[in-house]
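# What the coordinates show
Okay, here's what each chain looks like letter by letter:
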Amino acid sequence: MTAADSPDGAPAPLVAGAVNLRDVGGLPAGDRRTRHGVLYRSGNLAQLESRGIEDLSRLRLRRIIDLRSDEEVLHAPSPTGIAAEIVRVPLFLGSVASFFENDISLAEMYRRLVDDSADRVVQVVRGIVSDQPVLVHCTVGKDRTGVAVALTLAAAGVDEEAVIADYARTEGLLPAWRNRGVIERLRALHPRARHLEELATRSPAHVMKGLLDDLTTRFGSASDYLRASGLSDDELRELRRVLVG
């Protein structure tokens, strides 16, 4: 299924009503590429109506891994009628609002995520390994999804430049009207926050590069980070087999 361009030049969504939903197939992994129709990523599915649910059904998803907190799910629940197992793996320890209140940088947020939620990151990877096609999503599909999918791709042997480019692509897929509204609401709550726009709307390549470099320095590689956090060698081999054609 290919997406046509929308009037503003951005790719039309694969699923009507879904923000930032895409297939990570076709990424280079040495002399091979990731498989299409295996792993998808997105923001939340709360805005899906009947057509969007029909579009989603065509992906033949067997599993959806939702990385949001209980509060986020309560505020924006996924619609009924989705024919896939939904697995909850909340990745942030604490509220999303706390990052704006504490005015931390995006790089610091990611560092905390991989350090504080390592066991849950492994749960996400295990969920991808054990059943496909699979969709991983959070609220926007930028940070929790971005980190979890990037580590999954890196561990599967995807070229680092392609991992970083897939992460960075999100920034161009978030609608401008959405960003304006989010920034306006957050700025009213956190008028002095320096990192607000970065946290809410951006996915700079250098931030993901920094995260991958940090994991390499501390653990050896993304695979070694996952291994140190509990993922087995057999699971890593299966991940590569599942994702890379």
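A quick note: this is a predicted structure, and the numbers were derived from the prediction, not measured.

Rules of the game
Every chain is numbered on its own, with residues counted from 1 as its sequence reads. For this predicted model, a pLDDT threshold of at least 70 governs which residues receive local features, and a threshold of 80 or more governs which side-chain atom pairs are given and counted, while totals over whole chains, interfaces and linings are taken from all residues. For side-chain calculations, the full set of non-hydrogen atoms in the structure is used, while hydrogens and water are omitted. Counting from the N terminus, the helices are DSSP H or I runs at least four residues long and the strands are E runs at least two residues long. Three exposure classes are used, based on accessible area relative to the maximum for each residue type with a 1.4 Å probe and protein chains only: buried under 20%, partly exposed in between, and exposed over 50%. Strands are treated as partners if at least two bridges between them are detected by DSSP. Whether two residues touch is decided by their heavy atoms; if any such pair falls within 4.5 Å, the residues are in contact. Axes here mean lines fitted to C-alpha atoms, for a helix over just the part in contact, with angles spanning 0 to 180 degrees between N-to-C directions. Oblique is the label for any angle not under 35 degrees, not over 145, and not in the 65 to 115 range, which are roughly parallel, roughly antiparallel and roughly perpendicular in turn. Should the near helix be turned anticlockwise from the far one by less than a right angle, the crossing is left-handed, and should it be turned clockwise, the crossing is right-handed. For this classification, the nonpolar set comprises Ala, Val, Leu, Ile, Met, Phe, Trp, Tyr, Cys and Pro, the charged set comprises Asp, Glu, Lys and Arg, and every other residue, Gly included, is treated as polar. Nonpolar cores were defined as sets of buried Ala, Val, Leu, Ile, Met, Phe, Trp, Tyr and Cys residues, with membership established by side-chain atoms within 4.5 Å.

Here we come to unusual backbone geometry. The step from Gln 132 to Pro 133 runs through a cis peptide bond, and the omega angle for that step is -5°. Within the secondary structure layout, Pro 133 lies in the loop between helix H5 (118–130) and strand S7 (134–137). Its identity is not glycine, yet Arg 60 carries a phi of approximately 55°, on the positive side. At Asp 103, a position not held by glycine, the phi torsion is positive, near 55°. Inspection of the secondary structure puts Asp 103 in the loop between helix H3 (97–102) and helix H4 (106–116). Note on Asp 103: relative accessible area 16%, which makes it buried.

Attention now moves to the sheet that holds strand S6 (residues 85–88). Sheet strands line up and pair through hydrogen bonds in the backbone, either parallel or antiparallel. The sheet built from five strands is open, its strands ordered S1-S4-S7-S5-S6 with mixed pairing. Either end of the sheet is taken by a strand with one partner, and the two such strands are strand S1 (22–23) and S6. Bridge count between S1 and strand S4 (residues 39–42): two bridges; the pairing is antiparallel. Bridge pairing in S4 places Asp 23 opposite Tyr 40. Against the sheet, helix H6 (residues 144–155) touches S4 and S7, its axis set at about 160° to S4.

Turning our eyes to something else, we now look at the pairing of S7. Burial of the side chains of S7 extends over both faces: Val 134 and Val 136 are buried on one face and Leu 135 and His 137 on the other. Here four bridges tie S4 to S7, and the two strands are oriented parallel to one another. When the bridges of S7 are listed, Arg 41 appears paired with Val 136. Across four bridges, strand S5 (residues 63–66) lies against S7 in parallel orientation. Paired with Arg 63 across the two strands is Val 134, which belongs to S7.

We now examine the packing of H5 against helix H13 (residues 233–243). The geometry of a pair of packed helices is captured by two quantities: the angle between their axes and the separation between those axes. At their nearest, the axes of H5 and H13 sit 9 Å apart, and the two run at 55° to each other. Judged on the interaxial angle alone, H13 and H5 are oblique. Helix-helix and strand crossings are classified by hand; for H5 and H13 the assignment is left-handed. When H5 is examined against H13, the residues Val 125, Arg 126, Ile 128 and Val 129 are found in contact with a partner set consisting of Glu 235, Glu 238, Leu 239 and Val 242. Residue composition of the contact of H5 with H13, by class: five nonpolar, no polar and three charged.

So, on to the packing of H6 against helix H11 (residues 205–219). For the pair H6 and H11, the least separation of the axes is 11 Å and the interaxial angle reads 50°. Viewed along their axes, H6 and H11 adopt a mutual orientation that is oblique. Along this stretch, H6 crosses H11, giving a crossing that reads as right-handed. Facing Gly 146, Val 147, Ala 150 and Leu 151 of H6, the residues of H11 in contact are Met 208, Leu 211, Leu 212 and Leu 215. Across the contact of H6 with H11, the residue classes break down as seven nonpolar, one polar and no charged.

Residues Leu 67, Val 124, Leu 151, Leu 226 and Leu 243 are the most contacted members of the largest nonpolar core, which totals 62 residues. With sequence-adjacent residues up to four places away left out, Leu 243 is seen in contact with Arg 33, Thr 34, Arg 35, Val 38, Leu 39, Thr 152, Leu 153 and Ala 156. In terms of nonpolar packing, the next biggest core, distinct from the first, is built from 15 residues, Leu 14, Leu 56, Ile 82 and Leu 135 among them.

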